[in-house]
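Report on the structure
Spelled out from the first residue to the last, the chains are:
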Amino acid sequence: MSKAPTPRSELFDGPETPPIEVGDVERAVGNVSHETLPKPRETRIIVIANQKGGVGKTTTAVNLAAALGFGGLEVLLIDMDPQGNASTALGVDHRQGIRGTYEVLLDGDSMDWHVVKSQEAPGLWVLPATIDLAAAELELVSVHGRERRLADSLAGYLQGHQMDYVIFDCPPSLGLLTLNALVAAKEILIPIQCEYYALEGVSQLLRTIDLVKGNLNDDLVLSTVVLTMFDGRTRLSSQVADEVRNHFPDETLKTVIPRSVRVSEAPSYGQTVITYHRASAGGQAYIEAAGELAGRAG
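The notes below deal with the structure included here. Treat the numbers as computed from the prediction; the structure is a model and nothing was measured. Position numbers for residues start from 1 in each chain and track the written sequence from start to end. Only residues with pLDDT of at least 70 get local features here, since the model is predicted, and only at 80 or more are side-chain atom pairs given and counted; chain-wide, interface and lining totals rely on the full set of residues. The basis for every side-chain value is the complete set of non-hydrogen atoms in the structure, without hydrogens or water.

Things to note about the nonpolar core
- Put simply, buried Ala, Val, Leu, Ile, Met, Phe, Trp, Tyr and Cys residues joined by side-chain atoms within 4.5 Å make one nonpolar core. Each residue is assigned to one of three classes by its accessible area relative to the maximum for its type, calculated with a 1.4 Å probe on protein chains only: buried under 20%, partly exposed between the two thresholds, exposed over 50%. Core analysis: the largest hydrophobic core is formed by 52 residues, its most contacted members being V47, I78, M111, L154, V166, F168 and I192.
- Contact criterion: two residues are considered in contact whenever any of their non-hydrogen atoms come within 4.5 Å of each other. The contacts of I78, once residues within four sequence positions are left out, are T101, M111, L127, L154, V166, I167, F168 and D169.

Okay, here's the thing in structure tokens:
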């Protein structure tokens, strides 16, 4: 006889509504309900960064972007990772030869030429990344004003477009691609997984932030920390969450992102978990996290 589920186990294993089929994305976008979120007084430009891999940077970037879009906000996601995983999750073509972030950084193209609409959420736009971006780290070395290429292009784009949020999804490194995003941004959001060595590498990122603030971008602040991959069934996750909250008491969101099979599955269908399986624990968590993030706009 099967054991009755506890409230804790239901969070991870309980019955959920069926996932949305691949061909139903447009229908799903029209049906997903979401509370209207408050608009910020000015465009919030947020870089999602952590040079430690596997912490949920891209997952957090695309799902927050989609949830904000469903909240009635205008959002631009800029894919800075040569793997283009954010572009994949938002259903945006990023095959080799597609023009996007690389051409903006290296060729001086206007963002206007390459930003495309994502069908994942209302008001969601994407500047895609292709594998060509892998060469940008080396090619930017000899470019004049290499650290400000992205900031200058974004400033020009925002003069003609009313965006509530700009979100950068960065590669797991502190190279010139991430540096360009740090110089262009006003806020940093750090995803930290609730696992052993969670804070490993964060101190190096904080030192990089201090260097950027002192030399290239005085407006940059660490505004948000998101706890990801939380498993309420283990003592370790709770201990790590407590440790992170002790280090970042004001910055850490109350909402934690649980481990979720649905969150992992969604990108393979070119979707976010918001449209793929919004009733899942992960989908609901990202909707709540976006609401909390928007509520901090001031």
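On we go.
As for the packing of aromatic side chains
- In this scheme Phe, Tyr and Trp rings, the latter by its six-membered ring, pair at centre separations within 6.5 Å, and the angle between planes marks the pair as stacked below 30 degrees, edge-to-face above 60, and tilted otherwise. Under the defined criterion, the tally for this structure stands at two aromatic pairs.
- Ring centres 4.3 Å apart and planes at 45° place the aromatic pair Y196 and Y197 in the tilted group. Residues Y196 and Y197 agree in their burial class; the two are exposed.
- Between Y269 and Y276, the aromatic rings sit 5.1 Å apart at their centres with planes inclined by 20°, giving stacked as the arrangement.
- Using a relative accessible area of 4% as the deciding quantity, one classes Y276 as buried.

Comments concerning the sheet that holds strand β4 (residues 124-127)
- Spatially, eight strands are ordered β3-β4-β2-β5-β1-β6-β7-β8 in an open sheet, and the strand pairing comes out mixed. Of all the strands in the sheet, just β3 (116-117) and β8 (252-258) have a single pairing partner and so form its edges.
- Two strands pair when backbone bridges link them, and strand β2 (residues 75-79) and strand β5 (residues 165-169) are joined in this way by five bridges, in the parallel orientation. Paired with L77 across the strands is I167, a residue of β5. Here, strands pair whenever DSSP counts at least two bridges between them. Runs of H or I in DSSP of at least four residues are treated as helices and runs of E of at least two as strands, each being numbered from the N terminus.

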